[in-house]
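Listed below are the residues making up each chain.
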Amino acid sequence: MNLLIVDDEQSIRETCTDVAHQLDMKVTAVSTAEEAAELLEYEPVDILLTDLQLPGSGGLALLRRVRERYPEIALMVLTQYGTIDSAVEATRLGAVDYVTKPFRIEELKTRLERAAHSVDLQRENRLLREQLRTRPGFGGLIGLSPKMEGVYKVIGKVSQHDYPVLILGESGTGKELVARSVHFSSPRKERPFVPVDCSSLTPTLIESELFGYVKGAFTGALQSKQGLLESAHGGTLFLDEIGDMPIDMQAKLLRALQEHEIKPVGSTERKRINVRIIAATNRDLELAIRSGGFRQDLYFRLNVVQIKLPPLRDRKNDIPLLVTSFLEKLSNPDAAPRTISEDAMLRLMAYDWPGNVRELENAVARALALGTGPIVSVADLPSNLHYPTSERAPEKDEVLPLEELERRAILRMLRQTKGDKLAAARLLGIGKTTLYRKLKQYNLDREQDEAQNLAASAG
């Protein structure tokens, strides 16, 4: 890790150099912004630590120059007590941290370590972006995990044939993306891809939507209308949430698929269709068959090739790649690239994501909307991700022992009160002595200290 120190006080330069050497950093130290600008032209620098009160052009001008020409360098500032406004301006220019003089050695060491982590994170994000450009996936599908590699292989094989495909997976796993990938990798890619959400179609209108109708077929049919099956002629019809289709409509769909023809509502003539069918559901269709909610013959017709999408909790190693993709997709293209802090990424990795990829994308979108800095922090994430898993309230259907519920409640309250035990005890409705006893009982003294430190850093 290469550190450039800029300060006109020799003692400060020497102290910072000693601290950086303890962290195995390679250090160069200069006294003016002009010297720093010249050095940056020919020497690699990962972190710039500069005083704001420099002779000549000054520290803020140096920060602006570095941000424009070398955006990959992590910026840190040294500032005198009483010049906090300048430090705030430095933060707006992209500084990841600042240290107020006089500083403690351990404080500087901690902040340099944090900046080094930020640099490592930037490098990891660049690697992830490169993987996104070169990954072997299809369409909008993202992931390099073995389970996703298996999905890609099936898509590659089945796309060259006209077999019906049944895609299984929880809500939010990307079933429509798989269907689109199959279609647009197939010889039918120049023909229509028509998605149909079976769960949103009104039961009384689903037949006319799928098969179309002729003028006068029913009240309000003032003119003939082409059905979705006919509009997908030559291409692909994607029947999303097929498990929600009414049982009587399933029989009519089965006949259309078997005979490759449809009869619009109110018509006496049949029309030939050439359509590839891809269906998807988050339901257990075999269970639905046993309960009488789904036709077995239609299941066999649709389930020629099956693609099962893994939930996000089963491929958590793909989360950094997904997050990087969402940051690029959702960020302002005219602004500097947004990244995510190591702590925030760890929270995303620890969460089980019941809403899968869709929930993750919404979480990233929220963080970008509420965050203001170049790096997304834990505070920018949805509130249910602000605390480690061990401190979160249980999920709706989760059953926990009473002691675990009590332990989590104490930790959350201590965090909310920034470690103020008296305030935490009052909010919990217990005495301070009881709280101390509970802290000892649950061995929470260390965790409480960590919570207090995190709250202080967040503030």
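Placed above this text is the structure.
The following refers to the structure shown. (Residues numbered from 1 in each chain as written. Predicted model: local features only at pLDDT ≥ 70, side-chain atom pairs only at ≥ 80, totals over all residues. Heavy atoms only, no water.)

1. Things to note about the sheet that holds strand 3 (residues 47–51)
Note the following rule: For two strands to count as paired, DSSP must find a minimum of two bridges between them. Helix and strand assignments follow DSSP, with helices taken as H or I runs no shorter than four residues and strands as E runs no shorter than two, numbered in order from the N terminus. Fitted lines through C-alpha atoms give the axes, limited to the stretch in contact for helices. The angle between two N-to-C directions lies from 0 to 180 degrees. Contact between two residues is taken to exist if any of their heavy atoms lie within 4.5 Å; hydrogens are not considered.
On the basis of which strands lie adjacent, the open sheet formed by five strands has the order 2-1-3-4-5 and parallel pairing. Looking along the sheet, the strands with just one partner apiece sit at the ends: strand 2 (26–30) and strand 5 (95–101). Across the sheet, the axes of successive neighbouring strands diverge by a mean angle of 15°, strand direction being ignored. For strand 1 (residues 2–6) and strand 2, the ladder comprises five bridges, and the chain directions are parallel. Bridge pairing in strand 2 places Ile5 opposite Ala29. Packed on one face of the sheet, helix 2 (residues 33–40) meets strand 1 and strand 2 and runs near 155° to strand 1.

2. Looking at the side chain of Asn2
The following threshold applies: Classification of residues uses two cut-offs on accessible area relative to the type maximum, computed with a 1.4 Å probe and protein chains only: under 20% is buried, over 50% is exposed, and between them is partly exposed.
Residue placement: Asn2 occurs in strand 1. For Asn2, a relative accessible area of 19% corresponds to the buried category. Look past the residues within four positions of Asn2 in its chain and what remains in contact with it is Lys26, Pro44, Val45, Asp46 and Ile47.

3. As for the packing of aromatic side chains
By convention here, two paired aromatic rings are described through the distance between centres and the angle between planes. Quick reminder of the rule: When the centres of two rings from Phe, Tyr and Trp lie within 6.5 Å, Trp using its six-membered ring, the rings pair. Their planes under 30 degrees apart give stacked, over 60 give edge-to-face, and anything left gives tilted.
Taken as a whole and judged by the stated rule, the model has five aromatic pairs. Taking 5.9 Å as the distance between ring centres and 50° as the angle between the ring planes, the aromatic pair formed by Tyr299 and Phe300 counts as tilted. The exposure class of Tyr299 is buried, given its relative accessible area of 8%.

4. Remarks on unusual backbone geometry
The omega torsion of the bond from Lys101 to Pro102 falls at -10°, within 30 degrees of zero and hence cis. By the secondary structure assignment, Pro102 is in the loop between strand 5 and helix 5 (105–134). At Glu241, a residue that is not glycine, the phi angle is positive and equals roughly 55°. Looking at the element boundaries, Glu241 is found in the loop between strand 10 (236–240) and helix 10 (247–259). Given the relative accessible area of 11%, Glu241 is considered buried. Despite not being glycine, Trp353 shows a phi value in the positive range, around 55°. By the element assignment, Trp353 lies in the loop between helix 14 (342–350) and helix 15 (356–370).

5. Points about the pairing of strand 10
On any regular strand, side chains alternate: one points to one face of the sheet, the next to the other face. Extensive coverage of strand 10 is indicated by the burial of five of its five residues. Of the two faces of strand 10, the one carrying Thr236, Phe238 and Asp240 and the one carrying Leu237 and Leu239 are both buried. With five bridges joining them, strand 7 (residues 193–197) and strand 10 adopt parallel strand pairing. Across the sheet, Val194 pairs through a bridge with Leu237, a residue of strand 10. With four bridges connecting them, strand 10 and strand 13 (residues 276–281) associate as parallel partners. Bridge pairing in strand 13 links Leu239 to Ala279.

6. Describing the pattern of salt bridges
Basically, it comes down to this: Here, a salt bridge means any side-chain nitrogen of Lys or Arg that lies within 4 Å of a carboxyl oxygen of Asp or Glu.
Evaluated as defined, the whole model comprises 21 salt bridges. Glu170 serves as the salt-bridge partner of Arg313, at 2.5 Å between the closest nitrogen and oxygen. Here Glu170 lies in the loop between strand 6 (165–168) and helix 7 (175–184) and Arg313 lies in the loop between strand 14 (305–308) and helix 13 (319–330), a separation of 143 residues in the sequence. On the basis of relative accessibility, which here comes to 35%, the residue Arg313 falls in the partly exposed class. One salt bridge connects Asp318 with Arg315, and the closest N-O pair in it is separated by 3.0 Å. What makes Asp318 buried here is its relative accessible area of 2%. Judged by relative accessible area, which is 4%, Arg315 ranks as buried. Here the salt bridges share partners, and the residues they tie into one network are Asp7, Glu9, Asp51 and Lys101.

7. Comments concerning the sheet that holds strand 14
Spatial strand order, 7-10-13-6-14: five strands in an open sheet with parallel pairing. Of all strands in the sheet, those bounded by a partner on one side alone are strand 7 and strand 14. On average, each strand axis in the sheet is inclined to that of its neighbour by 20°, with strand direction left out of account. As paired elements, strand 6 and strand 13 share four bridges and run parallel to each other. Bridge pairing links Ile167 to Ala280 in strand 13. Against the sheet, helix 6 (residues 146–158) makes contact with strand 6, strand 13 and strand 14, and its axis sits at roughly 155° relative to strand 14, the strand it touches most.

8. Brief notes about the side chain of Thr32
Spelled out, the test is: Counted as a polar contact is a pair of N or O atoms within 3.5 Å, where, for protein atoms, one must be capable of donating a hydrogen and the other of accepting one, and residues adjacent in sequence contribute only when both atoms are in side chains.
Take Thr32: it is sitting in the loop between strand 2 and helix 2. Within polar-contact distance, the side chain of Thr32 engages the backbone nitrogen of Glu35 at 3.1 Å. Setting aside residues up to four positions removed in sequence, Thr32 forms contacts with Val6 and Pro55.

9. Some thoughts on helix 7
Taken as a whole, helix 7 has its buried residues at Lys175, Val178, Ala179, Ser181, Val182 and His183. Those residues of helix 7 that are buried are in contact with helix 6, strand 6, strand 7, strand 10, strand 13 and strand 14.

That's the geometry; what it means functionally is another story.
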